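Residue strings, one per chain:
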Amino acid sequence: MKKYFLIVAMAALILGGCTLPNQQQPQQPEQPQQPQQPQPPVNPPVPEQPTVPPVPQPPKFANIDWTATVQPMLAKMLKADGVQSGSVLLVDSVKNSTNGSLQTAKATDALRTALSNNTTFQVIPAEQLASAKQSLGLSPDDSLASVSKAIGLANIVKAQYVLYSTVSGDVKSPTMSMRLITAPSGEIVWSGRGAVQN
C-alpha cells in the first residue's frame, strides 16, 4: 500500500504543476478607461536646409591702360646701349607683386603688341613659349617666379635676351618695372620704372 500511496502522491505532484488549457485564470477587475484628449497631429520634423555661403564677388580690376604704360619704357629700352639689333627676345609674363589683383595677362599682351613691330628684337611667339614651358612641365600660363627660371627658359628657346617685368606697390597706384637681361650671363643690360597709367 505504501507503494500505491507513493505512486498516487507522485502523480498528484506531477499533474498539479500542469495547467489545463480549458482552465481560465482569474482575471483582475477591469479599471474603467479614461477618455483620452485628442492629441494635435505631430508633424514630422522638417530637415533644415544647409545654409549656402554667399558666392564671393570676383575682384574688381582697375581700368588700366597697359599700352600707355609700357610704350614709353619700351622706347627707352630699344635705344639702350649694348643691345644687339636682330637678337631674339623672350617676353616673360608680367608678375603681380602688388597688394591686390591685376590683369597681368593684358599687360603681357600689351608688351608683345608694342614689341611686334620693332626692328631691334625678334620676339619669341607666345605659342613657342607655351610649348617650351610645357616641355619643362610648366603650364603655359605659368609665370616664371624667378629671373633664373626665365633665363633657363630663354636658353631652351635660344633667346639672347629676357624682358622681365614686375608690377608692384599699392594696387590703386602701382608701379611697373622692367629689366632687359642677357640670357647666358644674367647681366642686366637695361632697367626702367614707371607709373601704371589708368
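Up top is the structure these notes are about.
One structure accompanies this document, and this report is about it. Predicted, not measured: the structure shown is a model, and the values here were computed from it.

1. Some words on the nonpolar core
With 25 residues, the main nonpolar core has L111, M176 and M178 as its most contacted residues. Among the secondary structure elements, those contributing two or more residues to this core are α2 (66-78), β1 (87-91), α3 (104-115), β4 (161-169) and β5 (175-182). With 5 residues, the top contributor of residues to this core is α2. If near-sequence neighbours (up to four positions away) are discounted, L111 is found in contact with V70, L74, V91, V94, L163, S165, M176 and M178. Core analysis: the second largest hydrophobic core is formed by 15 residues, I151, A159, Y164 and I181 among them.

2. Considering the pattern of salt bridges
This structure, assessed with the given rule, holds 1 salt bridge. Two residues, D92 and K95, come together in a salt bridge whose shortest N-O distance is 2.6 Å. Exposure remark for K95: the relative accessible area of 9% places this residue in the buried category.

3. As for the side chain of R112
Secondary-structure assignment places R112 in helix α3. For the buried R112, which has no salt bridge, the nearest side chain bearing the opposite charge is D109, at an N-O separation of 5.5 Å. Beyond its immediate sequence surroundings of up to four residues, R112 is in contact with V91, V123, I124, P125, A126 and L129.

4. Quick look at helix α5 (residues 147-156)
The complete set of buried residues in α5 reads A150, I151, L153 and A154. The arc that holds the buried residues of α5, viewed along the axis, is 160 degrees, so those residues lie on one side. Those residues of α5 that are buried lie in contact with β1, α4 (126-135), β4 and β5. Looking one or two residues past α5, K158 carries a phi angle of roughly 60 degrees, positive in sign.

5. Digging into the environment of T113
If you trace the backbone, T113 turns up in helix α3. Spatially, the C-alpha atoms of T113 and T67 are 8.5 Å apart, while their sequence positions differ by 46 residues.

6. With respect to the side chain of T104
Within the element layout of this structure, T104 appears in helix α3. Leave out the neighbours within four places in its chain, and T104 touches V94, K95 and N96.

7. Some words on the packing of α2 against α3
Here α2 crosses α3 at 45 degrees, and the two axes come no closer than 9 Å. Classified by the angle between their axes, α2 and α3 sit oblique to one another. Viewed along their axes, α2 and α3 form a crossing whose handedness is right-handed. Note on element contacts: α3 touches α2 through K106, A107, A110, L111, A114 and L115, opposite W66, T67, V70, Q71, L74, M77 and L78. Residues that form the contact of α2 with α3 fall into these classes: 10 nonpolar, 2 polar and 1 charged.

8. Brief notes about the packing of aromatic side chains
For the coordinates displayed, the defined rule picks out 1 aromatic pair. Judged by centre distance (5.5 Å) and plane angle (75 degrees), the ring pair of F121 and Y161 falls under edge-to-face. Of this pair, F121 sits in strand β3 (residues 121-123) while Y161 sits in strand β4, placing them 40 residues apart in sequence. Given a relative accessible area of 5%, F121 falls into the buried group. Seen from the ring of Y164, K95 lies directly overhead, with NZ or CZ sitting 4.3 Å from the centre.

Here is what the cut-offs are and how they apply
- Residues numbered from 1 in each chain as written.
- Predicted model: local features only at pLDDT ≥ 70, side-chain atom pairs only at ≥ 80, totals over all residues.
- Heavy atoms only, no water.
- Core = buried A, V, L, I, M, F, W, Y, C linked by side-chain atoms within 4.5 Å.
- Buried < 20%, exposed > 50% of the residue type's maximum accessible area, 1.4 Å probe, protein only.
- Helix = DSSP H or I, 4+ residues; strand = E, 2+ residues; numbered from the N terminus.
- Contact = heavy atoms within 4.5 Å.
- Salt bridge = Lys/Arg side-chain N within 4 Å of Asp/Glu carboxyl O.
- Lys, Arg positive; Asp, Glu negative; His and termini not counted.
- Arc of directions from axis to C-beta.
- Axes fitted to C-alpha atoms, helices over the stretch in contact; angles between N-to-C directions.
- Parallel < 35°, antiparallel > 145°, perpendicular 65-115°, else oblique.
- Left-handed = near helix turned anticlockwise from the far one by under 90°.
- Nonpolar A, V, L, I, M, F, W, Y, C, P; charged D, E, K, R; others polar.
- Phe/Tyr/Trp six-rings, centres within 6.5 Å; stacked < 30°, edge-to-face > 60°.
- Lys NZ or Arg CZ within 6 Å of the ring centre and 35° of its normal.

Shape is all these values report; function is a separate question.
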